[in-house]
Amino acid sequence: MLILTSNGLSTHEMREKLKPIFNGLTKAVIITTASVGYKEKDWHIERLTNELQSFGFSVDYFDFDTQNPELLLDYDVVEINGGNPFYLLMSMKNANCHSIMSELSKSKIIIGVSAGSIVLQKNINLIAQYSPELNENIDLTDFSGLALTNVEIIPHYSRFLSRFEQFEERAKEYEKQNHLEVIRLNDGQGIVIDDSGLKLI
């Protein structure tokens, strides 16, 4: 199962809707890789940890830069923190984690947070249009993602509308050129993707 979110399980309403999904599960891990230079010290980590602990999970931390992806198989829930999507994708590819992430998406629960959601998609081409500067000093040339879902999202939608020039117009043009629909997610929103389909929460 995949849960693609804008900024994590950040609202009481969202957490209440997810309670049945998490019932009986005990172990969670937060992947900190995308927060370049901060990792576990990223200011979002405390909140994400508290959110997971509210379900009764014990919470550990993981970094693709320094740890073996096979360790992730020990957890019921794997949450991927946001940050730099280019760096995160590069690190995940360097760790050769695709088969393990694919297995996790089928047998466990993966939660994406912002960039952590984007890298699970077929590619990160849309975010590359908006924020190419994030790829400076990383120089990622292959923007193909893990392709664990055909769904594409834009996180932080209402915030990004005022941050980027012609944000919505560029999103619509991307949809037209690629013959797809990009789901706009505001903070506090997410999408559950499983065998039964897609559900907005």
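Given the structure is predicted, the values throughout are model-derived calculations rather than measurements.

### Remarks on helix H2 (residues 43-53)
Step number 1: Along H2, the residues that are buried comprise Ile45, Leu48, Thr49, Glu51 and Leu52. Down the axis of H2, the sector holding all buried residues measures 160 degrees, keeping them to one side. Those residues of H2 that are exposed and aimed more than 90 degrees away from the buried face are Trp43 and Glu46.
Step number 2: Looking at the buried positions of H2, the neighbouring elements they touch are helix H1 (12-22), strand E2 (27-31), strand E3 (58-62), strand E4 (77-80) and strand E5 (109-113).
Step number 3: One side-chain oxygen of the residue at the start of H2 lies 2.7 Å from the amide nitrogen of His44, identifying that residue as Asp42.

### Regarding the nonpolar core
Step number 1: By size, the foremost hydrophobic cluster in this structure holds 38 residues, and its most contacted members are Phe64, Leu72, Ile80, Met92, Met101, Ile110 and Leu120.
Step number 2: If you list the elements that add at least two residues to this core, you get strand E1 (2-5), E2, E4, helix H3 (85-94), helix H4 (98-107), helix H6 (125-130) and strand E8 (190-194).
Step number 3: With 5 residues, the top contributor of residues to this core is H3.
Step number 4: Excluding anything up to four places from it in sequence, Ile110 contacts Met1, Leu2, Ile3, Val78, Ile80, Met101, Leu104, Ser105, Leu120 and Leu148.
Step number 5: Core analysis: the next-biggest nonpolar cluster, separate from the first, contains 20 residues, Leu52, Phe55, Ile109 and Val192 among them.

### Some words on empty space enclosed by the protein
Step number 1: Inspection of the entire model under this criterion finds 1 cavity of 30 Å³ or more.
Step number 2: As a volume, the largest cavity reaches approximately 90 Å³.
Step number 3: Forming the boundary of the largest cavity are 14 residues, of which Ile118, Leu126, Ile127, Ile153 and Ile154 lie nearest the centre.
Step number 4: In terms of residue count, H6 provides more of the lining of the largest cavity than any other element does, 4 residues in total.

### A closer look at the layout of surface pockets
Step number 1: In this model, the largest pocket occupies a volume close to 590 Å³.
Step number 2: What lines the largest pocket is a set of 30 residues, and nearest its centre among them are Gly82, Gly83, Asn84, Ser114 and His156.
Step number 3: Sorting the residues of the lining of the largest pocket by element identifies H2, helix H5 (115-118) and helix H7 (157-163) as the ones contributing at least two each.
Step number 4: Looking at the lining of the largest pocket residue by residue, the classes come out as 13 nonpolar, 11 polar and 6 charged.

What counts and what doesn't
For every chain, the first residue of the written sequence is number 1, and numbering continues from 1 along that sequence. Thresholds applied to this predicted model are a pLDDT of at least 70 for local features of residues and 80 or more for the giving and counting of side-chain atom pairs; totals over whole chains, interfaces and linings are not thresholded and use all residues. Based on all heavy atoms of the structure, the side-chain values leave hydrogens and waters out of the count. The buried label goes to any residue with under 20% of its type's maximum accessible area, the exposed label to any with over 50%, and the partly exposed label to all in between, with areas taken from a 1.4 Å probe on protein chains only. Numbering of helices and strands starts at the N terminus; helices are DSSP runs of H or I of at least 4 residues and strands are runs of E of at least 2. To obtain the arc, one takes the directions from the helix axis to the C-beta atoms. Throughout, a contact is declared for two residues whenever any of their heavy atoms are within 4.5 Å. The term polar contact refers here to a pair of N or O atoms within 3.5 Å; inside protein, the definition further demands a hydrogen-donor-capable atom paired with an acceptor-capable atom, and it admits residues adjacent in sequence only when both atoms are side-chain atoms. Residues belong to one nonpolar core when they are buried, are Ala, Val, Leu, Ile, Met, Phe, Trp, Tyr or Cys, and are joined through side-chain atoms within 4.5 Å. Within this scheme a cavity is a closed region of a 1 Å grid, computed over the protein atoms alone, that accommodates a 1.4 Å probe without allowing it to escape, whereas a pocket is open but has protein on both sides within 12 Å along at least five of seven lines; lining residues each have an atom within 4 Å of a point. Grid points are joined across faces, edges and corners, and a volume is the space filled by probe spheres set on the points. Note on residue classes: Ala, Val, Leu, Ile, Met, Phe, Trp, Tyr, Cys and Pro are nonpolar, Asp, Glu, Lys and Arg are charged, and everything else, Gly too, is polar.

Distances and angles like these do not, on their own, reveal function.
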